Structures are given as structure tokens and as C-alpha cells.
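# Examining the three-dimensional arrangement
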Amino acid sequence: MKITVLKERVFKIALIAFLLTVLCSIWFYTNCGIQGLMTWHIFYNSLFKGFFAICLVPVLALIPWLIWKNKTTKIISYVFSGIAAFVWIMMFIVINIMNLLGTPASGLDLLTASDPLPVHEVQANDTKTPAMKIGFGSDPHWGASHENADARYQVLDGLASSGNDAVFILGDIAEMGILNDYDRAIADLQTHLSDVPLRIIPGNHDTLVCALPHFKKMFRQKKEPDYYRMDGGNVHILVIRVLWDEHEFNKKQEKWLISQLESIPQEDTVIVLSHCYLYGSGYYDEAAGFNWGDIPAVTEWICPILEKYNVDLVVNGHNHFFEYLENGNTSYSIVGTMGGKLDEDLIYTSPYSLWQNNTDFGWLEATVYTDRIELEFINESGKLLHTETIKTR
Ligand SMILES: [Fe+2]
């Protein structure tokens, strides 16, 4: 290529369009939840790959001009470079404007990542007094077409009236984060659950599409981290970022997790939370075309870390049913039963599964003692479905 070509305006504009589209594509692809969404569904995979392919349009449209330098090929290059840049810049602007225009801060009095856990002081040899009672629910899916709002109200009231010291909701608050399905969520949480210290973590639906900033604006203080540790006495809760699958859990987070687990005495109680289940039975997801159960990249990467350090309890959502599983000294619970449509026809049972229920909505109560955690799986009517006792020493 002659050096004079590089100085021509048509070449410079094509180059600028190419760089702009590449930068926007990188921004989009690295947004939390996009890679998981592409793995989940062939439609989104193809759609987003199509958008990424637009980056090549300015380059391809330049080729005719490089061969035949005339007015027509110049116009073709300008037009296609302009269209490619316009598509990606509009994507960037629209998504960011929608996030900015979303509901402002929820106004809920939420626990922050740096708050101490509200534990009661208990002597080390006292095995009868609870140090903390924690309620867990997940996947309320406000805004979903198949939501069960009545069950969700019952679960919220149950979580509020069970004497919990804190409640954690493990994501999928909204059906579609960017569409601002949060108005009713915030109103319902204010009405039903305003008297209990509450912490809300995001799920994969909350990130749809590129909507994590939207979620953070409503439910987080500024600059709160995406993965963090909360402590109270000898109780430690580690919240990790796993929303769809292993794509949101990177080497940096792995290093952080290991350093936290190494620093916590073995006799203390450690609970790990994330939206996506780490072990889980599953159903055939027609939209995805695969079984939505144990995810090899998750079970082979994250679970061994937790089990090596004898994490006591892991609680997740994502799958819409109750499940209790164990591997080694670590117990796992799935509680995605707060109001999103329950998953039917479970076709896969995890080898670590000890109990499951996909017919009831409800929540989990975990009562932490100095030597154990007592689990109660409760349905939306307050009926006790299942109990477990986890030894923590
Ligand atoms: Fe969900």
C-alpha cells in the first residue's frame, strides 16, 4: 500500500470507524453478563456475533476504493463506515442513557458491603444461643410474565416475620434489568421487608442487557465492590460474582477468594453466596438447548476451592427450585423460589443432591450457632419442608 493512501480522507474515516466499532464491541463484550448470555442462547450468540462482525464493514467497504479509486467507491466507503460507526455508537449511547434514566436509588435502608454482620455475642462454649439468624431468598423476578406475585408477597412477609437478623436476596430481582422492572420491586420491598437489615445481590437477569450499572445505582452505595466479605464475630459471609456461569468469575476474583479463605480461622463459620448455583440439579432448557444443571467449568473450578477450605455453607439461586447438596465438608443450598416461574421436569440430578423440591415457593432460614448451622426450608405458606444441620466445627 502506498503511503499516500494512508493520508487520504476516505482511508482515515474508514480507520476511525473501524476503531470506534472495535472499542464499542470490547466495551459490550466485557460488560458483566454478556458472555454468559451468549453461552446460554444461540439467538443471542448469533445476534451479538453479528454486531461484532459489523466492525469489519469499514474495512471491507474500503477494498473497492483501494482497487478502483473513483467517486463511487469513495461514497460506498463513506456510507458503510458511517453506518457501522452509527450502529455501535447508538448501541453505546442508548444502553448508557437507559441505565442513567433508570429508577434512582431505591431509598431502601440496605446493608452495605462494609457493614458488620448483625451478630449476637455468644460465648464460644454456648451451643444453645444463636449468633445469627439469616433469611435467604432468590429469583423473585418482578416483571416476569409468569411471575407469582402472591407467592412472592408471602415469602417477603415470611422473611420479615421470622426473626431474622439479616435477609439476603440473591438476585434476579428484575426480569429484565435494563427495562426498569424495579419500581414494583422497590415498592414491595419497602412495604413488606423494610424492618429487617437487607442485602440484595444481582442475578443474571438484573444484568440484561449491560444493566449492572442500573442495578448498582438502585441497590448499592457508590464504589461498593462486586465481590466482598462481610464479617460479624466468628461469622463470615463471602459474596462472589457468579451470575450465569464461570464467565463472571475470573483469576483476579479467584485470587481474592483464596486469600479471604486463607485468612479466616477454620473454626469460624463461613457462608458463600452467589446468584448462580455452584452445584445443582437441572432441567432441559429448550431456549438454550442444553441441560441447566451442574456446570462443569463451575464445579471443577470454584467448588474445589470452597471445599479445600471447608466452607460451611453455600447459598445460591438461579435455578427456580429448592435443593440441598453436600460434597466433603461443604453444604450447598439452592433457593430460587421467591416468585419466578418454578422449573419443571427436572431431568438431571446432581451426584451431590440430597433433597430437592420444585413444587413450592419459599425461602431458607439459616440459624448460626457456635458449632452448627440449622437450615429450615420453608414454603410460601410457612410450612416447614425440610431441615438440615451442618456441623461447623
Ligand atoms: Fe432466575
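Values in this document were obtained by computation on a predicted structure and should not be read as measured data.

Conventions used here
- Residues numbered from 1 in each chain as written.
- Predicted model: local features only at pLDDT ≥ 70, side-chain atom pairs only at ≥ 80, totals over all residues.
- Heavy atoms only, no water.
- Phe/Tyr/Trp six-rings, centres within 6.5 Å; stacked < 30°, edge-to-face > 60°.
- Helix = DSSP H or I, 4+ residues; strand = E, 2+ residues; numbered from the N terminus.
- Lys NZ or Arg CZ within 6 Å of the ring centre and 35° of its normal.
- Pairing = 2+ DSSP bridges.
- Axes fitted to C-alpha atoms, helices over the stretch in contact; angles between N-to-C directions.
- Contact = heavy atoms within 4.5 Å.
- Buried < 20%, exposed > 50% of the residue type's maximum accessible area, 1.4 Å probe, protein only.
- Lys, Arg positive; Asp, Glu negative; His and termini not counted.
- Salt bridge = Lys/Arg side-chain N within 4 Å of Asp/Glu carboxyl O.
- Polar contact = N/O pair within 3.5 Å; in protein donor to acceptor, adjacent residues only side chain to side chain.
- Expected span 1.5 Å × (residues − 1).
- Domains from an automatic or database assignment.
- Buried area = accessible area lost by both parts, 1.4 Å probe.
- Nonpolar A, V, L, I, M, F, W, Y, C, P; charged D, E, K, R; others polar.
- Core = buried A, V, L, I, M, F, W, Y, C linked by side-chain atoms within 4.5 Å.

## Focus: the packing of aromatic side chains
Counted according to the given criterion, the structure contains 24 aromatic pairs. Consider the rings of Phe28 and Phe48, whose centres lie 4.9 Å apart with planes at 80°: the pair is edge-to-face. With Phe28 in helix 2 (residues 9–29) and Phe48 in helix 4 (residues 42–53), this pair connects stretches of sequence that are 20 residues apart. Among the aromatic residues, those joined into a cluster by ring pairs are Trp27, Phe28, Tyr29, Trp40, Phe43, Tyr44, Phe48, Phe51, Phe52, Trp88, Phe92 and Trp244. In this structure, Lys69 is placed above the aromatic ring of Trp65, and the distance from its NZ or CZ to the ring centre is 4.9 Å. Over the ring of Tyr369 we find Arg372; its NZ or CZ atom is 3.8 Å from the centre of that ring.

## Section: the sheet that holds strand 13 (residues 353–357)
Taken together, the seven strands give an open sheet; going across it, the order is 4-5-6-9-11-10-13, and neighbouring strands pair in mixed fashion. Both edges of this open sheet fall to strand 4 (228–232) and strand 13, since each of them pairs with a single strand only. On average, adjacent strands in this sheet sit at an angle of 15° to one another, irrespective of strand direction. The strands that helix 10 (residues 251–263) touches are strand 4, strand 5 (235–239) and strand 6 (269–273); relative to strand 5, the one it contacts most, it runs at about 175°.

## Some thoughts on the side chain of Glu248
Locating Glu248 in the fold gives a position in the loop between strand 5 and helix 10. Salt bridges are absent for the buried Glu248, whose nearest opposite-charge side chain, Arg241, sits at 6.8 Å. One polar contact links the side chain of Glu248 to the main-chain amide nitrogen of Trp244, over a distance of 2.9 Å. Each residue touching Glu248, except ones within four places of it in the same chain, is listed here: Cys32, Gly33, Gly36, Arg241, Val242, Leu243 and Gln253.

## Structural notes on helix 6 (residues 71–101)
If you check helix 6, its first and last C-alpha atoms are 43 Å apart, about what 31 residues at 1.5 Å a residue would give, namely 45 Å. Where helix 6 begins, the side chain of Asn70 points an oxygen toward the backbone nitrogen of Thr72, at a separation of 3.0 Å.

## Here we look at the environment of Ile186
Residue placement: Ile186 occurs in helix 8 (residues 182–192). Here the alpha-carbon distance between Ile186 and Trp142, two residues 44 residues apart in the chain, equals 9.7 Å. Sequence-distant contacts of Ile186, that is, excluding residues within four places in its chain, are made with Thr103, Ser106, Leu108, Met218 and Phe219.

## What to know about the domain arrangement of the chain
Each domain of the chain was delimited in the assignment, giving domain 1 (3–101) and domain 2 (132–391). Just the C-alpha atoms count here: the centres of domain 1 and domain 2 sit 38 Å apart. Across the contact, 15 residues belong to domain 1 and 22 residues belong to domain 2. It is Cys32, Trp40 and Asn99 that lose the most area in domain 1 upon contact with domain 2, and together they represent 41% of the buried surface on that side. Counting across the domain 1 and domain 2 interface gives four residue pairs in polar contact (both at pLDDT 80 or more). When residues of the side of domain 1 that touches domain 2 are traced back to their parent elements, those giving at least two are helix 3 (34–40) and helix 6. Top contributing element to the side of domain 1 that touches domain 2 by residue count: helix 3, with six residues. Counted by class, the side of domain 1 that touches domain 2 contains eight nonpolar, seven polar and no charged residues.

## Regarding the nonpolar core
The biggest cluster of nonpolar side chains holds 50 residues, and the ones touching the most others in it are Phe28, Ile240, Leu257, Leu261, Leu278 and Leu306. Broken down by secondary-structure element, the contributors of at least two residues to this core are helix 2, helix 3, helix 4, helix 6, helix 10, strand 6, helix 11 (296–308) and strand 11 (330–335). A per-element tally of this core places helix 11 first, with five residues. Apart from residues no more than four positions distant in its own chain, Ile240 is found in contact with Tyr227, Phe249, Gln253, Trp256, Leu257, Val272, Leu273, Ser274, Leu278 and Ile302.

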